[in-house]
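# Chains, contacts and geometry: an overview
This is what each chain is made of:
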Amino acid sequence: MAIFLLELPYAEDVLSPHISAKTLDFHYGKHHRAYVEKLNGLIEGTELAKETLGNIIKKTAKDTSKSAIFNNAAQVWNHAFYWQSMKPGGGGPPVGAIEKKIKAAFGSFEKFAEEFKNAGLTQFGSGWAWLVIKEGKLEIMRTANADTPFAHGLTPLLTVDVWEHAYYLDYQNRRGDYLDTFIKHLINWDFVNSRLD
Ligand code: MN
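One structure accompanies this document, and this report is about it. (Residues numbered from 1 in each chain as written. Predicted model: local features only at pLDDT ≥ 70, side-chain atom pairs only at ≥ 80, totals over all residues. Heavy atoms only, no water.)

## Examining the side chain of Thr-143
Mapped onto the elements, Thr-143 comes out in strand β2 (residues 137-144). Side chain to side chain, Thr-143 and Trp-130 meet in a polar contact 2.9 Å long. Within the structure, Thr-143 has its side chain in polar contact with the backbone oxygen of Asp-147 (distance 2.7 Å). Leave out the neighbours within four places in its chain, and Thr-143 touches Gln-123, Ser-126, Gly-127, Trp-128, Trp-130, Thr-148 and Pro-149. (Helix = DSSP H or I, 4+ residues; strand = E, 2+ residues; numbered from the N terminus. Polar contact = N/O pair within 3.5 Å; in protein donor to acceptor, adjacent residues only side chain to side chain. Contact = heavy atoms within 4.5 Å.)

Next comes the structure, spelled out in structure tokens:
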């Protein structure tokens with residue numbers, strides 16, 4: 001197998017009650033795993049089998065004939081990034097180096113939270129909301145389906161998965177409540193700070 005399923009950085013029950021063990025069991029154990037397995041099947045015996053995940057994403061991002069490979073590779077990457085974007089006892093106002101940067105870019109944490117939630121809420125259908133560095137500046141953006149800022153030369157700092165499979169078992173159709181909870185209780189600012197270095 002060329003690409004491995006990275007281990008979850010925590011046990012499946014530690015984000016509860018915000019994200020249940022059942023959601024993580026399905027989301028990591030079924031969805032994330034399936035992207036890894038599909039990707040390995042698609043690249044087996046091809047030139048891409050020798051490449052890193054990052055290179056596979058970059059090499060297939062603009063090639064529509066390889067969209068299945070891109071979609072699965074980008075989903076493998078996005079999910080690994082999403083798990084690290086959360087931690088038990090996380091969320092709330094930022095700490096460390098990111099605090100000043102958020103204030104400078106958005107005016108306040110509240111304003112950042114509002115814009116980040118809005119990015120997730122207004123992503124029509126499946127996708128992701130992101131905090132990224134674009135040309136040296138913090139920016140909030142959303143991507144559709146598997147797309148990832150990393151494929152477009154941007155530096156992701158934080159992401160939240162807004163595919164229904166990320167929240168439906170716990171929140172049903174209440175994507176806004178899931179996003180509020182992510183911001184209040186789950187964001188791993190230590191990870192965001194580590195990305196700044
Ligand atoms: Mn997902």
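Having seen it, we continue.
## Looking at the coordination of the manganese ion
Listed as protein donors to the manganese ion are His-27 (NE2), His-79 (NE2), Asp-161 (OD) and His-165 (NE2); their distances from the metal cover 2.0 to 2.1 Å. All donor residues of the manganese ion come from one chain, and their arrangement in sequence is H-x51-H-x81-D-x3-H. Of the two residues, His-79 is situated in helix α3 (residues 67-84) and His-165 in the loop between β3 (155-161) and α6 (168-171); the sequence distance between them amounts to 86 residues. Of the two residues, His-79 and His-165, both sit in the buried class. (Donors = N, O, S within 2.8 Å, 3.2 Å for Na, K, Ca; no water. Buried < 20%, exposed > 50% of the residue type's maximum accessible area, 1.4 Å probe, protein only.)

## Some details on the packing of aromatic side chains
Considering all chains together, one arrives at 17 aromatic pairs under this definition. Centroid distance Trp-77 to Phe-81: 5.0 Å. Interplanar angle 10°. Geometry classified as stacked. Of this pair, Trp-77 and Phe-81 are both found in helix α3, 4 residues apart, which corresponds to roughly one turn of the helix. Side by side, Trp-77 and Phe-81 carry an identical accessibility label, which is buried. When the centroid spacing of 4.8 Å and the interplanar angle of 10° are considered together, the rings of Trp-77 and Phe-150 count as stacked. Of this pair, Trp-77 sits in helix α3 while Phe-150 sits in the loop between β2 and β3, and the two are 73 residues apart along the sequence. Looking at Trp-77, the relative accessible area reads 15%, which means it is buried. Assessed through its relative accessible area of 18%, Phe-150 is described here as buried. The lysine or arginine in question, Lys-30, covers the ring of Phe-26, its NZ or CZ lying 5.6 Å from the ring centre. (Phe/Tyr/Trp six-rings, centres within 6.5 Å; stacked < 30°, edge-to-face > 60°. Lys NZ or Arg CZ within 6 Å of the ring centre and 35° of its normal.)

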